[in-house]
Amino acid sequence: MASPLKVCIVGSGNWGSAIARIIGSNAQTLQRFATTVKMWVFEEKVNGRNLTDIINTDHENVKYLPGYKLPDNVVAVPQLQDAAEGADLLVFVVPHQFIRKLCDEMVGCVSSQARGITLIKTIEVLEQEMLNGQKLQGPATSAEVYHILKQKGLVDKFPLFVAVYQICFEGKPVQEMISCLQSHPEHL
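For clarity, every value in this text was computed on a predicted model and none was experimentally measured.

Caption draft 1: Inspection of the overall build of the chain at higher detail. Helices and strands together make up the secondary structure of the chain, namely eight helices and seven strands. Here the chain holds 188 residues, and 32% of them are scored as buried. A fraction of 61% describes how many contacts in the chain between residues 6 or more apart in sequence connect residues 24 or more apart. For the chain, the exposed area adds up to about 11900 Å²; of that, 56% sits on carbon and sulfur atoms.

Written out as structure tokens, the structure is:
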């Protein structure tokens, strides 16, 4: 029989902690998995204690999933490389913008045979949860606003919208946003 698969959960927010409850319970009962499940926790203080110490002692993520116990076999680890060392399965439950940095940190400590599983929320889920379904605003919106202002001959009356458009689509230096704000009629 092959050796049991070692699991590392990369992330420990409310979603990561909820997943840790499930993975930890399964790892305790399924022989295919190593009993201990490491969970990388971004170290922070909660009521004067390290969050990893709280999780490892009280078996609860009191900051992100209060009131729900984690299985005893889920071990909070503050150093990503230590958590990922020797893992066969990496379960990613962190915001998407951190993935590249975290993967770069794990280079050299994860086997080339390791597999990644993503439970990262999509933009659509985040829009639903955080904005009640309203779409995130960004460059596409700035383009729409700019073209409407241009059609109506109002470009000079909305320098901030124009600056955002020019930064996103015309390569205007971001530093010029400061100049735009400083010379805005509200601040003169």
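Caption draft 2: Spatial organisation of the packing of aromatic side chains. Enumeration over the complete set of coordinates arrives at two aromatic pairs. Look at Y146 and Y165: their rings are 3.9 Å apart centre to centre, the planes differ by 0°, and that puts the pair in the stacked class. One end of the pair, Y146, is in helix α6 (residues 139-152); the other, Y165, is in helix α7 (residues 159-169), with 19 residues separating them in the sequence. Put simply, the rings of Y146, Y165 and F169 pair up and form one aromatic cluster.

Caption draft 3: Local environment of the sheet that holds strand β2 (residues 33-40). Taken in spatial order, the five strands line up as β5-β2-β1-β6-β7 in an open sheet, and their pairing is parallel. Sheet topology places β5 (74-77) and β7 (115-118) at the edges, where each strand pairs with a single neighbour. Shown here is a sheet whose adjacent strand axes are inclined to one another by a mean of 25°, direction ignored. Sheet topology places strand β1 (residues 5-10) next to strand β6 (residues 89-92); four bridges connect them, and they run parallel. Its bridge partner being in β6, I9 is matched across the sheet by V91. Lying over the sheet, helix α1 (residues 14-29) contacts β1, β2, β5 and β6, oriented at roughly 165° with respect to β2. This element, helix α4 (residues 99-106), spans β1, β2 and β6 of the sheet and lies at about 155° to β6.

Caption draft 4: Seen up close, the pairing of β7. As judged from the four bridges shared by β6 and β7, these two strands associate in the parallel manner. In the sheet register, F92 faces β7, and the bridge partner there is T118. With respect to chirality, the unit in which β6 leads through α4 into the neighbouring parallel β7 is right-handed.

Caption draft 5: View of unusual backbone geometry. Phi angles above zero are rare outside glycine, and N47 is one such case at about 50°. With respect to the element layout, N47 can be found in the loop between β3 (45-46) and β4 (49-50). One non-glycine residue, H59, lies in the positive phi region at around 55°. For H59, the location among the structural elements is in the loop between α2 (51-58) and β5. Residue H59 is classed as buried on the basis of its relative accessible area, which comes to 18%.

What counts and how
- Residues numbered from 1 in each chain as written.
- Predicted model: local features only at pLDDT ≥ 70, side-chain atom pairs only at ≥ 80, totals over all residues.
- Heavy atoms only, no water.
- Helix = DSSP H or I, 4+ residues; strand = E, 2+ residues; numbered from the N terminus.
- Buried < 20%, exposed > 50% of the residue type's maximum accessible area, 1.4 Å probe, protein only.
- Contact = heavy atoms within 4.5 Å.
- Areas by Shrake-Rupley, 256 points an atom, 1.4 Å probe, with all protein chains shown as cover.
- Phe/Tyr/Trp six-rings, centres within 6.5 Å; stacked < 30°, edge-to-face > 60°.
- Pairing = 2+ DSSP bridges.
- Axes fitted to C-alpha atoms, helices over the stretch in contact; angles between N-to-C directions.
- Right-handed = clockwise from strand over helix to strand, strands pointing away.

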